[in-house]
Amino acid sequence: MPQRPSNREMKALYHLGEDKVLGPDDFKDVGEKVFAGMLKKNWIEEAGPGKYRTTEKGRIIHDEEVYFTGRWKR
């Protein structure tokens, strides 16, 4: 079972996508350390200088977390 993402990682994974590229500058409370951790876990990949997109693993983790924690109901 994959490591459970933190709230900040979930926020970034929620907004990122296969075609949507964002970076730490696009979030006010998600910084370089969070993106570096997700990059190390292979949840995101670099799409350009300072911009990232999710990998298949990152999308699966996000979908499972939203489904199993009931976040979609809020």
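Data block above holds the structure.
Quick caveat, the model's predicted, so the values are computed rather than measured. (Residues numbered from 1 in each chain as written. Predicted model: local features only at pLDDT ≥ 70, side-chain atom pairs only at ≥ 80, totals over all residues. Heavy atoms only, no water.)

S.K.: Give me the lowdown on the environment of Asp25, citing residues and values where you can.
M.R.: You can see Asp25 is positioned in the loop between α1 (7–15) and α2 (32–40). Judged by relative accessible area, which is 75%, Asp25 ranks as exposed. For the pair Asp25 and Lys51, spaced 26 residues apart in sequence, the C-alpha separation works out to 8.9 Å. (Helix = DSSP H or I, 4+ residues; strand = E, 2+ residues; numbered from the N terminus. Buried < 20%, exposed > 50% of the residue type's maximum accessible area, 1.4 Å probe, protein only.)

S.K.: Can you explain the nonpolar core? Please cite residues and give values.
M.R.: Grouped burial of nonpolar side chains is what soluble globular proteins tend to show. In this structure, Ala12, Phe27, Val30, Phe35, Met38 and Ile44 are the most contacted members of the largest nonpolar core, which totals 13 residues. Counting residues per element, the ones that place at least two in this core are α1 and α2. Here this core takes 3 residues from α2, the largest share from any one element. In contact with Phe35, not counting residues within four places along its chain, are Ala12, Leu16, Leu22, Gly23, Pro24, Phe27, Val30, Ile44 and Tyr52. (Core = buried A, V, L, I, M, F, W, Y, C linked by side-chain atoms within 4.5 Å. Contact = heavy atoms within 4.5 Å.)

S.K.: Give a detailed account of the pairing of strand β2 (residues 51–54), specifying residues and quantitative values.
M.R.: The alternating pattern of β2 places Tyr52 and Thr54 on a buried face, while none of Lys51 and Arg53, on the opposite face, is buried. Pairing geometry for strand β1 (residues 44–48) and β2, over 4 bridges, is antiparallel. What sits directly across from Glu45, in β2, is Arg53. As consecutive antiparallel partners, β1 and β2 are separated by 2 residues, and within that stretch Gly50 has a phi angle of approximately 75°, a positive value. (Pairing = 2+ DSSP bridges.)

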